Number of protein chains: 2
Amino acid sequence: MQTKARLRKKLAKAGVDGILITDLINVRYLTGFTGSSGYAVITDRDALFITDFRYKEQARIEVRGYKIIIENSERSGEIKKYCDRYGIRTLGFEDHNINYSFYKKLVKRKIRLKQLTKMIEQLRITKSRQEMVHISTSVKRAESAFRKLLPIIRAGTTEKKLALKLESLLKSAGCKMLPFEVIVASGPTSALPHAQPTDRKLRGGDLVVIDWGGECEGYSSDMTRTVLLKGRSLTKQKEIYYNVLEAQKRAIHKVKPGVKTADIDRAARSYIDKAGYDESFGHGTGHGVGLAVHEKPVVSWRSTEIVKENMVFTVEPGIYLPGFGGVRIEDMVVVKKGGADVITSLPKKLKIIER
Amino acid sequence: MQTKARLRKKLAKAGVDGILITDLINVRYLTGFTGSSGYAVITDRDALFITDFRYKEQARIEVRGYKIIIENSERSGEIKKYCDRYGIRTLGFEDHNINYSFYKKLVKRKIRLKQLTKMIEQLRITKSRQEMVHISTSVKRAESAFRKLLPIIRAGTTEKKLALKLESLLKSAGCKMLPFEVIVASGPTSALPHAQPTDRKLRGGDLVVIDWGGECEGYSSDMTRTVLLKGRSLTKQKEIYYNVLEAQKRAIHKVKPGVKTADIDRAARSYIDKAGYDESFGHGTGHGVGLAVHEKPVVSWRSTEIVKENMVFTVEPGIYLPGFGGVRIEDMVVVKKGGADVITSLPKKLKIIER
């Protein structure tokens with residue numbers, strides 16, 4: 001079913017005559033508009049896209065299937081006008097995106113409002129064939145950049161230099177923007193799941209966690225590999241690496257339409273716990289990826305979501321030992337009828353850098 | 001006066017016992033915290049900074065002068081607890097930052113709320129000596145990157161290549177993040193004030209608008225230079241360049257404590273109008289720069305703001321001729337008692353690239 005039709009079904013069910021879509025990612029999802037100022041109003045019959053004069057030309061090129069309107073007065077007044085003109089008695093709005101200040105303005109215009117929670121995000125949770133094409137390209141760009149980075153990872157270079165290089169390689173690979181700042185964390189720093197690259201020089205025996213993503217037509221990719229620098233005693237590093245890898249395989253193996261995302265998390269977590277690292281995996285196992293690099297579903301012990309066909313999410317368990325180092329391995333998977341298709345194709349056998 | 005003291009004066013005036021600060025830039029401004037999850041509550045006597053366990057260590061290092069609390073339950077409940085514990089009967093909140101969904105949660109907790117509009121932004125509008133140090137470094141980093149870019153601007157190279165190179169030079173110069181994606185717009189594309197870099201190759205006779213910024217400790221810089229590629233007939237290009245430059249000089253000359261920012265805009269605009277380009281300068285003359293790359297004050301014909309000592313803003317008039325090309329020249333100024341100090345030091349004489 002077409003996206004607009006799926007949305008209209010939801011609108012009817014929610015008891016609203018129309019929806020005001022202000023979250024720019026949701027606007028892009030529905031209309032194709034990539035600019036930074038614009039919103040949409042969708043009713044049972046009509047679909048409007050509204051922007052300002054700066055984006056007139058861009059809207060004409062990008063937006064299909066919407067009446068394009070250039071706003072020329074204060075936004076809340078414009079919206080009131082559309083409600084009157086298109087017969088909207090109750091207007092749904094995105095409660096995570098409308099700030100209180102704007103909400104009050106709409107109320108003052110005497111628009112009857114209804115709070116809607118993550119309606120478009122719910123549509124975005126499963127991916128269309130076209131979206132999968134962009135996501136695949138986004139993954140490929142990220143992988144080709146990483147392959148070019150590998151030869152320059154060596155003892156003596158810094159985390160920052162590697163991160164900068166990878167960002168530059170990602171842009172060269174065609175990514176217009178990066179979904180997040182590349183993480184390169186080495187040695188003890190790799191024990192912090194959210195480390196920022198520092199001037200620390202890589203040394204023999206270091207685990208090096210590299211977490212990065214690509215982009216294509218607004219769609220993100222997100223992946224992590226951990227490599228090891230040759231050194232004297234690597235036993236511990238190898239042990240935690242292969243524990244994480246096995247945990248990740250078990251989680252991926254669990255993926256199937258109908259299971260709870262919490263069960264996927266448990267598959268990874270219980271393996272890590274049993275290996276004796278039950279205090280060492282402090283974050284969730286994964287998250288959806290699409291137009292946003294973090295979106296639904298949440299793959300964690302707290303989640304109540306159910307896996308559906310054509311969802312795309314990461315599987316990224318880790319073990320982090322303060323003062324020593326950490327390992328994280330992150331792939332993206334798409335859910336098919338029979339189970340997970342792993343989209344990330346980079347090898348997962350532990351890479352030991354001999355330089 | 002210390003920032004917290006200035007804020008407390010405003011709180012008393014607004015009739016609230018405390019303020020909930022959720023805008024992350026405002027949180028950083030007040031507490032020093034640079035992470036992506038945390039908020040502050042400030043009362044007449046107390047100052048709390050609240051974050052989650054992931055940022056415990058970081059908060060301990062970065063946050064000074066606040067009681068640091070690690071939240072362990074749902075946020076609205078935590079806030080209710082602080083209201084009770086610290087005697088907050090009426091809690092002010094940032095109306096541009098609290099979304100409707102969270103507002104409703106606070107209401108359900110029976111917290112008496114009061115909408116505050118841009119209170120911290122108003123504090124941020126003038127810069128302290130320490131802030132000026134960071135802004136100056138941010139400008140210097142941006143300038144040194146640009147100087148290294150200049151030798152590689154030549155006919156045949158693409159906008160994208162130059163933009164990518166400049167981004168990489170900015171990072172090498174020490175910028176942790178970029179305040180916005182670098183704009184390189186050449187030939188006809190330079191007539192779009194918000195152009196994104198394309199694969200277009202630079203040609204003789206092209207005007208090339210380059211708009212970029214640096215960073216230091218979270219503080220942005222923002223500047224634009226327009227260069228010209230040698231070609232057969234450059235008369236028109238030179239004419240609009242020197243009109244923009246003269247308009248910019250007049251605007252800068254107008255800057256002084258006590259004048260309206262609208263008058264600065266008018267100084268540039270009326271000159272451009274009289275030169276016969278009254279349809280060709282479609283944006284405002286400038287904007288404040290600090291922890292955000294676009295912040296108060298607004299320097300445009302619509303603004304009612306008054307210039308104060310230690311404000312920092314851009315002065316960036318332009319002329320854009322559709323199908324032909326455009327010119328923009330952007331400097332940052334800091335307001336001193338006697339007038340504007342121009343912080344940007346890159347030359348403004350038209351640079352004609354002979355390659």
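Residues numbered from 1 in each chain as written. Chains lettered and ligands numbered in written order. Predicted model: local features only at pLDDT ≥ 70, side-chain atom pairs only at ≥ 80, totals over all residues.

### Section: the sheet that holds strand β7 (residues 183–186) of chain A
Residue and element names in this part refer to chain A. What counts is decided by this rule: Paired strands, as defined in this entry, are two strands with at least two bridges between them according to DSSP. Numbering of helices and strands starts at the N terminus; helices are DSSP runs of H or I of at least 4 residues and strands are runs of E of at least 2.
The strand order β7-β8-β11-β19 describes an open sheet built from four strands, whose pairing is mixed. Of all strands in the sheet, those with a lone pairing partner are β7 and β19 (352–353), marking the two edges. Relative to strand β11 (residues 223–229), strand β8 (residues 207–212) runs antiparallel, the two being bridged by six bridges. Directly across from isoleucine 210, in β11, lies its bridge partner arginine 225.

### Topic: the relation of the copies chain A and chain B
Definition in use: The superposition of copies rests on a least-squares fit of C-alpha positions from residues with pLDDT of 70 or more in both.
Superposition record for chain A on chain B: RMSD 0.0 Å, screw rotation 180 degrees, translation along axis 0.0 Å. In the structure described here, the two chain copies are related by an operation that fits a two-fold rotation axis. Minimal C-alpha distance to the rotation axis in chain A is attained by asparagine 99 of chain A, lying at 2.0 Å.

### As for the interface of chain A and chain B
Definition in use: We call two residues in contact when the distance between their C-beta atoms, placed using the backbone, is within 7 Å. Three classes are used: nonpolar for Ala, Val, Leu, Ile, Met, Phe, Trp, Tyr, Cys and Pro, charged for Asp, Glu, Lys and Arg, and polar for all others, with Gly counted as polar.
With 18 residues of chain A at the interface, the matching set in chain B holds 18 residues. Along the lines of polarity and charge, the residues of the side of chain A that touches chain B split into five nonpolar, nine polar and four charged.

### Overview of the pairing of strand β16 (residues 325–328) of chain A
Residue and element names in this part refer to chain A. Quick reminder of the rule: Comment: burial labels come from other C-beta atoms within 10 Å of the residue's own C-beta, placed from the backbone, where a count of 20 or more is buried, 12 or fewer is exposed, and between is partly exposed.
Residue alternation in β16 divides its side chains into two sets, Gly325 and Val327 and Gly326 and Arg328, and both sets are buried. Bridge count between strand β15 (residues 318–321) and β16: four bridges; the pairing is antiparallel. Pairing of isoleucine 319 across the sheet is with valine 327, part of β16. Where β15 hands over to β16, the hairpin turn is made up of three residues, of which glycine 323 adopts a positive phi near 85 degrees.

### Here's the deal with the domain arrangement of chain A
By a widespread convention, an interface's size corresponds to the accessible area lost as its parts come together. Residue and element names in this part refer to chain A. What counts, and what does not: Domain segmentation is taken from an automatic or database assignment of domains.
Assigned domains within chain A: domain 1 (3–124) and domain 2 (129–353). The straight-line distance from the C-alpha centre of domain 1 to that of domain 2 is 36 Å. Taken together, the six residues of domain 1 in the interface contact six residues of domain 2. At three residues, the largest contribution of residues to the side of domain 1 that touches domain 2 is made by helix α2 (residues 24–31).

### What about unusual backbone geometry?
All names here are of chain A. With an omega of 0 degrees, the peptide bond between lysine 296 and proline 297 qualifies as cis. Here proline 297 lies in strand β13 (residues 295–299). Of note in this structure, lysine 118 is not a glycine but carries a positive phi near 50 degrees. Here lysine 118 shows up in the loop between β6 (112–116) and α6 (119–124). When the 18 C-beta atoms within 10 Å are taken as the criterion, lysine 118 is described as partly exposed.

### Some points on the sheet that holds strand β19 (residues 352–353) of chain B
Residue and element names in this part refer to chain B. Applied cut-off: Orientation is described by lines fitted to C-alpha atoms, with helices fitted over the stretch in contact, and by angles between N-to-C directions that extend from 0 to 180 degrees.
Pairing within the open sheet is mixed, and its four strands lie in the order β7-β8-β11-β19. Sheet topology places β7 (183–186) and β19 at the edges, where each strand pairs with a single neighbour. Pairing of strand β11 (residues 223–229) with β19 involves two bridges; the strand directions are parallel. Each residue of the ladder has a partner; that of leucine 229, found in β19, is isoleucine 353. Relative to β7, helix α8 (residues 159–172) is tilted by about 155 degrees, and along the sheet it contacts β7 and β8 (207–212).

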